[in-house]
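# Inside the fold
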Amino acid sequence: MAKAPVLTPQADDFPRWYQDLINKAELADNGPVRGTMVIRPYGYGLWERMQQDMDLRIKEAGAQNAYFPLFIPQSYLTREAEHVEGFAPELAVVTHAGGKELEEPIVVRPTSETIINEYFSKWVQSYRDLPLLINQWANVVRWELRPRLFLRTTEFLWQEGHTAHATYEDARDYASRIQREVYADFMTNVLAMDVVLGRKTAKERFAGAINTLTLEGMMGDGKALQLGTSHELGQNFAKAFHTQYLSKDGAQEHVWQTSWGSTTRMIGALVMMHGDDNGLRVPPRLAHVQVVVLAIKGDDEVVAKVREIGDRLKAAGLRVVVDDRTDTPFGRRAVDWELKGVPVRVEIGPRDLEAGTAMLARRIPGGKSPVALDSLAELLPAVLEEDQAQLLRESRERRESRTVDVATLEEAAEAAATGWARIPWADLGPEGEAKLAEQGVSVRCLVGKDGGVPDADDAPGTLAIVARAY
């Protein structure tokens, strides 16, 4: 009999493959409350690396980290009508605490525009206080009806930036800077994800914003996933919370604002964009374990050499784990590391030791080859960079090969069954967008004919990217 596959093949059932991989690669488990998740150490290690890299980029853009409360008075949300209407179905509301009914219900943070504006209105007095650039790393709660680990959970982790500016132009430019310099650069150069930068339609815009910039990625099954957003809030929240400053001319002016966020959803995207039937494939620049050095057998000399090689590779600046658990069969350990997507395995046994070599297994392109033990520290950095580039290339080739230009709504819906479609926004428009939505297809973003981000929905030559989405 043929041996059963470790994972459900992608071609048979992509959603089942995804759930299998999350479980068997030990990324996460379902939490005790529907829609919540427990992020396991290997999965959290990926999030920590994402945090560290993005946090540096956010700070380079001038923002400082702060923290605001998890609990928000319900009255804060009602001050901006469009905002509260947009989030109302997703809110978790606390009505009792300390054994008593609360005088005012408390909302568990779905996002922090309202509570942060309460404090911005205190902190901003003069044009000298601007721009005010704040970021926080936190958890948020949005009550999900159809949860899926990492992609849509009732509670998830994220960063959310909130800024106040003296002018519309300054706020607009900063929102664009975050989209390009923080999110796009990180996703492309660290996560090896080909992403499309665009602007959301009015229907898809963040509740309370005047413009939403987005980054969309194509997953392995051709569906789209929103990977990050940067919003121009205009003066909507400033007027609701009386966030004003004294201008150089001595006049009281409302500030212009932005907010922007990215979440643990990026781990789900990592799985669906780079994973294959053997498991996850982690981009080397992201991987918290770039190299695992495995002892094939429990020979004392082999174990000693494995540890020595591990120390040598760590000294060369690589992120390394030594696996000398020889009481567990080698085959099982190799499969486990393959499932976890560690970019490189260095396998050493008695025969390798005699020959002065190791077997180098590369997860991303696949395949094994013998290499000299003494050359590993010099060889592996270049190998990891090659594999990083391959993942990005595969991601880009998938999107380009599965995106088609169409002229009608019917053609767009048909193309969305297997990939993405591009259609002139002037031909589709809000009416066509609504008809596509009836078929489970959405306009992911609007892009310029040159591939850039248009300045307005009705900019000449604007194209709509149409797809099914997670």
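Above: the structure in question.
Residues numbered from 1 in each chain as written. Predicted model: local features only at pLDDT ≥ 70, side-chain atom pairs only at ≥ 80, totals over all residues. Heavy atoms only, no water.

## Examining the overall build of the protein
Scanning the protein from N- to C-terminus turns up 14 helices and 23 strands. Taking 23 Å as the expected radius of gyration for a compact globule of 470 residues, we find that the protein reaches 25 Å, a close match to that expectation. Reported as C-alpha extents along the three principal axes, the dimensions of the protein are approximately 80 × 55 × 50 Å. Sorting the 470 residues of the protein into buried and exposed places 53% on the buried side. Put simply, 68% of the contacts in the protein that link residues at least 6 apart link residues at least 24 apart. Accessible area of the protein: about 20,800 Å², with a carbon and sulfur share of 48%. Distance between charge centroids for the protein: 3 Å, based on 55 positive and 69 negative side chains. (Helix = DSSP H or I, 4+ residues; strand = E, 2+ residues; numbered from the N terminus. Rg over C-alpha atoms; globule rule 2.2 N^0.38 Å. Buried < 20%, exposed > 50% of the residue type's maximum accessible area, 1.4 Å probe, protein only. Contact = heavy atoms within 4.5 Å. Areas by Shrake-Rupley, 256 points an atom, 1.4 Å probe, with all protein chains shown as cover. Lys, Arg positive; Asp, Glu negative; His and termini not counted. Charge placed at Lys NZ, Arg CZ, Asp CG, Glu CD.)

## Points about the packing of helix H1 (residues 14-24) against helix H8 (residues 265-274)
Running from N to C, H1 and H8 point in directions that differ by 120°, and their axes come no closer than 11 Å. Considered as vectors, H1 and H8 are oriented oblique to each other. Read as a crossing pair, H1 and H8 show a hand that is right-handed. Side by side, H1 and H8 meet where Phe14, Trp17, Tyr18, Leu21 and Ile22 of the first sit next to Gly268, Val271 and Met272 of the second. A class-by-class count of the residues in the contact of H1 with H8 yields seven nonpolar, one polar and no charged. (Axes fitted to C-alpha atoms, helices over the stretch in contact; angles between N-to-C directions. Parallel < 35°, antiparallel > 145°, perpendicular 65-115°, else oblique. Left-handed = near helix turned anticlockwise from the far one by under 90°. Nonpolar A, V, L, I, M, F, W, Y, C, P; charged D, E, K, R; others polar.)

## Focus on the sheet that holds strand S4 (residues 71-73)
If you trace the three strands from one edge of the open sheet to the other, you get S4-S6-S5, paired in antiparallel fashion. Edge positions in the sheet fall to S4 and strand S5 (93-97), since each has one partner strand and no second. Between one strand axis and the next, the sheet turns through 50° on average, direction left out of account. With three bridges connecting them, S4 and strand S6 (residues 100-108) associate as antiparallel partners. Note on S6: the bridge partner recorded for Phe71 is Val108. (Pairing = 2+ DSSP bridges.)

## Regarding the pattern of salt bridges
Considering all chains together, one arrives at 31 salt bridges under this definition. In this structure, the salt-bridge partner of Glu26 is Arg40, at a minimum N-O distance of 3.9 Å. You can see Glu26 sitting in the loop between H1 and strand S1 (28-30) and its partner Arg40 sitting in the loop between strand S2 (37-39) and helix H2 (41-60), a full 14 residues away along the chain. Put simply, Lys305, Glu308, Arg312 and Asp374 are held in one network by salt bridges that share partners. (Salt bridge = Lys/Arg side-chain N within 4 Å of Asp/Glu carboxyl O.)

## Focus on helix H12 (residues 376-401)
Helix length check: H12, at 26 residues, gives a terminal C-alpha distance of 36 Å against a target of 38 Å (1.5 Å per residue), a fit within 8%. Among the residues making up H12, those that are buried are Leu376, Leu380, Val383, Leu384, Asp387, Gln388, Gln390, Leu391, Leu392, Ser395, Arg398 and Arg399. (Expected span 1.5 Å × (residues − 1).)

## Observations concerning H1
Within H1, the full set of buried residues consists of Phe14, Trp17, Tyr18, Asp20, Leu21 and Ile22. Buried residues along H1 sit against S1, H8 and helix H10 (330-340). Within two residues after H1, Glu26 carries a phi angle of roughly 60°, on the positive side.

## A few points about the nonpolar core
Leu27, Phe150, Met187 and Leu191 are the most contacted members of the largest nonpolar core, which has 59 residues in total. Once you skip the residues sitting within four places of it in the chain, Leu191 turns out to touch Met50, Phe186, Met266, Leu270, His274, Pro283 and Leu286. Core analysis: the next-biggest nonpolar cluster, separate from the first, contains 24 residues, Leu77, Ile115, Ile134 and Ala164 among them. (Core = buried A, V, L, I, M, F, W, Y, C linked by side-chain atoms within 4.5 Å.)

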